[in-house]
Structures are given as C-alpha cells and as structure tokens.
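Overview (structure and organization)
Next come the chains, spelled out residue by residue.
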Amino acid sequence: MADLPHDPLWPRAGSWPAPVPGERADIALAGIPTHTRSLSPTQAHLTPAAVREALQRYSVHTSGLRVVDAGDAPDPDEVDAAPWVAAVEAGLLIAIGGDNSATVPVARGRGATGLVTLDAHHDIRDGISNGSPVRQLIEAGVHTVVQIGIEPLANSREYAQRAADLGITVVLRDELRRRPIDDVMAEALELAGSSGRTVHVDLDVDVCDRSVAPACPASVPGGISAIELRTAARVAGLHPDVVSIDLTEVDAAADTPDGRTVRLTALCVLEALRARIELIEDRA
C-alpha cells in the first residue's frame with residue numbers, strides 16, 4: 001500500500017510467498033471468492049483481495065514458521081473447489097470468502113468431520129446457496145455441528161426445528177451475554193473434535209453487530225462485538241483439532257469508507273495465525 005510508511009523494525013503482515021510443490025507449510029492463506037449463489041446480492045468475490053491489502057496495516061511475527069499464500073481458488077462458483085483446497089499442503093488453512101458457500105469446499109477439502117460455526121443463521125436451507133452450507137456438510141458426512149451466536153429473530157421456527165432434528169448443538173446470541181466467548185468456543189471445539197475428529201471453523205462475520213460489520217448483508221443490530229469475533233478466531237487457532245478456518249459473508253464493495261469490516265476480517269486472520277504459531281511453538 002503506497003500510503004503506508006516503511007519501517008524495518010515494524011514488518012507488515014501479508015505478502016507471504018506462494019506454496020512450493022511438495023513442501024508442507026505450517027499455515028496457508030487461501031481465497032475462496034464465492035458470490036453468485038448468495039441469497040442477497042453481493043460482491044463478496046472482491047473480499048479476498050481487500051483483506052490481503054488490509055493485512056498490511058498490521059504486523060505479526062511468524063517465528064520462522066512457513067506461512068504461505070495459495071492465492072484464490074479458480075471459479076469456485078462453477079467448479080468444485082474442494083480438490084483445489086485439498087492440494088494446499090498446510091497444517092492449518094485460513095480461507096477468506098466469498099459468501100458462506102465457501103465453507104463447503106473448504107471443510108470438504110480439508111477432510112473435516114466436525115464443524116463449529118459462528119453465525120447469526122442456521123444455514124440449513126434446501127438447495128445450494130450461501131444459506132445451505134451446514135445442511136450440505138451434514139449430508140456430506142460431517143458428524144458433529146455446533147452453532148454459536150444464532151439470532152432467533154433472523155431464523156424461522158421451521159429451521160430451528162430442522163436444526164434440532166439434525167442434532168445440531170445451538171448456542172443462541174442471548175447465551176453469549178452470560179458466558180464469555182472463549183469459554184463457549186472451547187466447549188464447542190471439544191465437542192466437535194471428540195473421538196479424534198478434525199474440525200472446520202466457520203466464522204461468518206454477519207454474527208457481529210451491524211455497527212462493526214456493515215459490509216455483511218445479513219448482519220443484525222445486537223450481534224457479537226468485534227473483539228468477541230477476534231477472540232473466537234484466536235481460540236480456534238489454538239485448538240489442535242482445527243484444520244481449517246474460514247471468514248465469510250463480507251462484501252468488500254459495501255464496506256464503510258474506513259473499511260471496518262474488511263479490517264476486522266484481516267485481524268481475525270492474524271488472530272488465528274498468531275494463535276497457531278503459539279500452539280506450534282508450545283509443542284516444539
């Protein structure tokens with residue numbers, strides 16, 4: 001970014017190298033720019049590039065670990081991106097959407113068998129859209145699903161009943177007013193990762209209050225705070241069963257002039273990345 005000063009003592013985040021074929025990275029970033037099947041008009045395909053630019057506003061120490069940027073999956077609305085995701089060799093994949101359709105190829109490509117979502121919505125509609133990824137993943141064999149931050153007034157009684165019938169564990173928005181988000185996340189990850197399961201974490205940014213996530217078409221007043229979402233990203237990165245994390249439902253073209261939603265998304269990427277670095281260092 002031309003307007004940002006250079007300081008050799010303050011290295012900027014982002015601009016990580018591309019993967020080297022045959023070499024496994026510790027952490028990989030990838031863009032999954034889905035948008036054409038969104039229930040709300042969106043230009044979420046612009047968000048991976050916007051987040052990469054925003055990363056340069058922040059700094060993170062990678063401790064010499066191998067962090068790579070795999071670029072964007074080609075045509076993920078037209079071609080199944082799961083094989084492309086599977087070909088990215090990394091201990092943790094952090095994926096930037098795109099709408100919530102991106103969750104399906106990322107979780108499938110990483111072989112996740114447990115799912116934790118932070119989302120205002122159940123995402124178990126019929127059909128194939130950004131309103132159906134949780135249902136699609138259950139049908140694809142995901143065994144345990146925990147949904148955190150569900151807003152009852154943004155869902156119907158019928159879909160709430162469908163979630164119950166599917167055996168989904170639901171933590172409503174109101175419960176997060178009484179319990180710290182890190183405790184809720186830790187409990188959800190233990191449940192989703194039980195019996196040796198690998199876990200995908202879907203951070204749908206529309207779980208946040210609309211004041212901090214105006215670029216999310218379906219965010220609602222009264223959602224979680226920015227620091228709660230950042231904390232959730234950090235807890236996910238620290239958990240050894242988590243193989244992938246996505247950040248979805250941000251339309252970079254609809255953000256405020258200060259770029260608050262895109263910057264929040266970038267900070268969540270760095271929270272997860274920094275946490276995974278700490279986990280690897282602690283195990284060394």
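Up top is the structure.
On a predicted model such as this, the values are computed, not experimentally measured, just so you know.

**Description of the packing of helix α1 (residues 47–55) against helix α8 (residues 260–283)**
- Between α1 and α8, the shortest axis-to-axis distance is 8 Å and the interhelical angle comes to 70°. On the basis of the axis angle, α1 is roughly perpendicular to α8. Seen from α1, the contacting residues are Ala50, Val51, Ala54 and Leu55; seen from α8, they are Val262, Arg263, Thr265, Ala266, Val269 and Leu270.

**Some remarks on the pairing of strand β3 (residues 90–97)**
- Here β3 lies mainly inside the structure; 7 of its 8 residues are buried.
- When strand β1 (residues 25–32) meets β3, the two strands line up parallel, connected through 7 bridges. Note that in β3 the partner of Ala25 across the bridge is Ala90.
- Pairing analysis gives 4 bridges linking β3 to strand β8 (residues 242–248), with the strands arranged parallel. The partner of Ala95 across the bridge, within β8, is Asp246.

**So, the layout of surface pockets**
- Its boundaries defined by the atoms lining it, the largest pocket holds a volume of some 300 Å³.
- Looking at the largest pocket, it is lined by 20 residues, and the ones nearest its centre are Leu39, His121, Asp123, Arg125 and Gly131.
- Tallied by class, residues from the lining of the largest pocket come to 6 nonpolar, 8 polar and 6 charged.
- What the second largest pocket holds in volume is close to 260 Å³.
- Considering the residues around the second largest pocket, the lining is formed by 15 residues, among which Arg37, Pro76, Ser101, Pro105 and Ile128 are closest to the centre.
- Among the elements that line the lining of the second largest pocket, the one with the most residues is helix α3 (residues 103–109), at 3 residues.
- Here the lining of the second largest pocket is composed, by residue class, of 6 nonpolar, 4 polar and 5 charged.

Calculation rules
Residues numbered from 1 in each chain as written. Predicted model: local features only at pLDDT ≥ 70, side-chain atom pairs only at ≥ 80, totals over all residues. Heavy atoms only, no water. Axes fitted to C-alpha atoms, helices over the stretch in contact; angles between N-to-C directions. Helix = DSSP H or I, 4+ residues; strand = E, 2+ residues; numbered from the N terminus. Parallel < 35°, antiparallel > 145°, perpendicular 65-115°, else oblique. Contact = heavy atoms within 4.5 Å. Buried < 20%, exposed > 50% of the residue type's maximum accessible area, 1.4 Å probe, protein only. Pairing = 2+ DSSP bridges. 1 Å grid on protein atoms, 1.4 Å probe; cavity = no way out; pocket = protein on both sides within 12 Å on 5 of 7 lines; lining within 4 Å. Points joined across faces, edges and corners; volume = space filled by probe spheres on them. Nonpolar A, V, L, I, M, F, W, Y, C, P; charged D, E, K, R; others polar.

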